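So you can see what is in the structure, the chains are spelled out below.
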There are 2 protein chains.
Amino acid sequence: MPKRVDHAERRAHIIDALVRVAAAEGLHAVTMRAVAAEAGMSLNLVQYYFDSKAKLMHAALERLEQQSHQRWSKRLADLPQPPTAHAFIEAFLAEALPTDEASRAFHLVWTSYAVLAMTDRELAAEPFVAGPDRLERQLTDVLSRAQRDGALAGGRDPAAEAARLLALSHGLGTGVLVGQRSAEAAMAILRAHLDQLFDDRLVWSAPRSPVEVTSDGG
Amino acid sequence: MPKRVDHAERRAHIIDALVRVAAAEGLHAVTMRAVAAEAGMSLNLVQYYFDSKAKLMHAALERLEQQSHQRWSKRLADLPQPPTAHAFIEAFLAEALPTDEASRAFHLVWTSYAVLAMTDRELAAEPFVAGPDRLERQLTDVLSRAQRDGALAGGRDPAAEAARLLALSHGLGTGVLVGQRSAEAAMAILRAHLDQLFDDRLVWSAPRSPVEVTSDGG
DNA sequence: ATTTTTATCGTACAGCGGTACTATGAAAAC
DNA sequence: GTTTTCATAGTACCGCTGTACGATAAAAAT
């Protein structure tokens, strides 16, 4: 056996095993032994590369976050540059939906972590609030620009629309995960929503002065 | 000690203890012993009233479902009869959001169960797909009627709107649970969505007979 | 060549979890 | 009044889980 080994690669290998176990049998089935077996190594090695289970769990969450970011970047890069706001957001929403098996696994494990974080003060809740918050700001920016360009349907509040998009995609994602709806059906709903949001067929019935839609934009 | 005891009451008491434990520490913290302690009885009694942990978990899920149904019925009954479609749906959405502590506990535990059901074939996935399906049909009916009455904004598909409302409320609910958004903010977004859905200020660009504004005094 | 470091293995230990077993007073049935 | 049933209690057992503790062989360092 060689002496020097790429620790980062080893750790990634183990975490991938963890995600496979969690996706197949749930986060509660993630034990040091199960992960070791899935990774094809001994229990001791998992201990060796991650001191404790808690650290392993944290590392896995971090990796999931990074991977998600990477996939999102890749999808964005695949868009014709510069992408329209519509295309940009549609790509975003497509990524937020569990379409293929890999995506399904990711979303399932991510959701499991999120539920865990609701009660475990130990587990950083940061990714589950700061992450969406950042996305929401990003979406808000894009929508604001789109609004300036006149691409948005009238009377929309970019921040509110961003929040709505995020909540909607998450709700649909859960529906797909739970087997209530197919990913295609969910995507169709999202596209319809987007079409409405970017639709120029919808106009105000009265000239725009008197109408005040949302309250504050805090 | 008396001999005859109301089993249903006993079981309900135990299940309530389970829900408290699950809401406070997560579903993974639900052990026979923890539930017994929370219920103020011995481990053996929990075994006595529910043969196994699996049956206890199933019973708890059933009770949650029933309670949810009851709360929803009560909320509906509190509405002025007959309720407008707008009021009906707003009441529904308000119930779907974790507003007070009790509601938060319910939604947290329910979500935990849903995540569990994603991997445990044993745990009936039925409540998490048949339930929302039924709600969706109900909403679709209400929206269809509203559309016939001309209360809906133009060009909407009741079924799609029902799915959208359900997904949106669920996504917002998760956001509240996770601490990303306050229940009030979530409710504001939902109300805005509803206002749009029922809004007569939004019409097709092609001129249309003016729809009157139902100023919701109810 | 010896010593140290590193990656790996096996195993042991303590705690907890679900379940099963037995016991015991008290009410109900007879 | 005896027997049966019921609600409750205590406890023991076995398996699993995280963690700790050596052992070992190979590569690196000296």
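Residues numbered from 1 in each chain as written. Chains lettered and ligands numbered in written order. Predicted model: local features only at pLDDT ≥ 70, side-chain atom pairs only at ≥ 80, totals over all residues. Heavy atoms only, no water.

A few words now on the relation of the copies chain B and chain A. Of the transformation placing chain B onto chain A, the axial shift is 0.0 Å and the rotation is 180°, giving an RMSD of 0.1 Å. The superposition of one copy onto the other is thereby described by a two-fold rotation axis. A shared interface surface links the copies, since 98% of the contact residues of chain B are contact residues in chain A too. (Least-squares fit on C-alpha atoms with pLDDT ≥ 70 in both. Contact = heavy atoms within 4.5 Å.)

Contacts between chain B and chain A engage 46 residues on the former and 48 residues on the latter. When chain B packs against chain A, the two sides together hide about 3,700 Å² of surface, and 63% of this comes from carbon and sulfur. On inspection of chain B and its partner chain A, the count reaches 2 salt bridges. With its nearest N and O atoms 3.1 Å apart, the salt bridge here joins Glu136(A) to Arg181(B). Where chain B meets chain A, there are 10 residue pairs in polar contact (both at pLDDT 80 or more). Its residues assigned to classes, the side of chain B that touches chain A shows 21 nonpolar, 13 polar and 12 charged. (Buried area = accessible area lost by both parts, 1.4 Å probe. Salt bridge = Lys/Arg side-chain N within 4 Å of Asp/Glu carboxyl O. Polar contact = N/O pair within 3.5 Å; in protein donor to acceptor, adjacent residues only side chain to side chain. Nonpolar A, V, L, I, M, F, W, Y, C, P; charged D, E, K, R; others polar.)

On to the environment of Ala124(B), then. Tracing the chain through its elements places Ala124(B) in the loop between helix H6 (101-119) and helix H7 (126-148). Linking Ala124(B) and His58(B), residues 66 residues apart in sequence, is a C-alpha distance of 8.1 Å. (Helix = DSSP H or I, 4+ residues; strand = E, 2+ residues; numbered from the N terminus.)

Next up on the list: the packing of aromatic side chains. Scanning all chains against the criterion turns up 10 aromatic pairs over all chains. Plain terms: the ring middles of Tyr48(A) and Tyr49(A) are 5.1 Å apart, the flat faces sit at 85° to each other, and that makes the pair edge-to-face. On the basis of relative accessible area, Tyr48(A) is assigned to the exposed category, the value being 53%. An aromatic cluster is defined as three or more aromatic residues linked by ring pairs; in this entry it consists of Trp72(A), Phe88(A) and Phe92(A). Directly above the aromatic system of Phe106(B) lies the positively charged group of Arg71(B), at a separation of 4.6 Å from the ring centroid. (Phe/Tyr/Trp six-rings, centres within 6.5 Å; stacked < 30°, edge-to-face > 60°. Buried < 20%, exposed > 50% of the residue type's maximum accessible area, 1.4 Å probe, protein only. Lys NZ or Arg CZ within 6 Å of the ring centre and 35° of its normal.)

All right, on to helix H5 (residues 85-95) of chain A then. The periodicity of an α-helix, 3.6 residues per turn, causes residues three or four positions apart to be oriented the same way. All names here are of chain A. Burial runs high along H5: 8 of the 11 residues are buried. Those residues of H5 not exposed but buried are Ala85, Phe88, Ile89, Ala91, Phe92, Leu93, Ala94 and Glu95. For H5, the elements touching its buried residues are helix H4 (53-77), helix H6 (101-119), helix H7 (126-148), helix H8 (158-177) and helix H9 (183-197).

In terms of nonpolar packing, the biggest core is built from 78 residues, with Leu18(A), Tyr113(A), Leu18(B) and Tyr113(B) touching the most fellow members. Residue contributions to this core peak at 11 residues, all from H6(A). Non-local contacts of Leu18(A), meaning those with residues more than four positions away in its chain, are made with Val30(A), Val35(A), Leu56(A), Met57(A), Ala60(A) and Tyr113(A). In this structure, Ala85(A), Val142(A), Ala146(A) and Ile189(A) belong to the second largest nonpolar core, which totals 62 residues. (Core = buried A, V, L, I, M, F, W, Y, C linked by side-chain atoms within 4.5 Å.)

Quick look at the pattern of salt bridges now. All names here are of chain A. Applying the stated rule across the entire model yields 20 salt bridges over all chains. Measuring nitrogen to oxygen at the nearest pair gives 3.1 Å for the salt bridge that ties aspartate 16 to arginine 63. Note that aspartate 16 is positioned in helix H1 (residues 7-25) and arginine 63 in helix H4, a separation of 47 residues in sequence. Taking the relative accessible area as the measure of exposure, aspartate 16 reaches 27% and is therefore partly exposed.

Further remarks concern helix H1 (residues 7-25) of chain B. Compared with the 27 Å implied by 1.5 Å per residue over 19 residues, the 27 Å span of H1(B) between its first and last C-alpha is a close match. Taken together, the buried positions of H1(B) are occupied by Ala12(B), Ile14(B), Ile15(B), Ala17(B), Leu18(B), Val19(B), Val21(B), Ala22(B) and Ala23(B). Residues of H1(B) that are buried make contact with H6 of chain A together with helix H2 (32-39), helix H3 (43-49), helix H4 (53-77) and H6 of chain B. Two or three places before Ala8(B), at the opening of H1(B), Asp6(B) has a side-chain oxygen 3.1 Å from that residue's backbone nitrogen. (Expected span 1.5 Å × (residues − 1).)

Okay, the UniProt feature "DNA-binding region" (unreviewed entry) in chain A next. UniProt tags residues 31-50 of chain A as "DNA-binding region" (unreviewed entry). Here residues 31-50 of chain A runs as 75% helix and 0% strand, with 13 Å between its end C-alpha atoms. (UniProt positions renumbered as here; feature names shortened; annotations may be inferred.)

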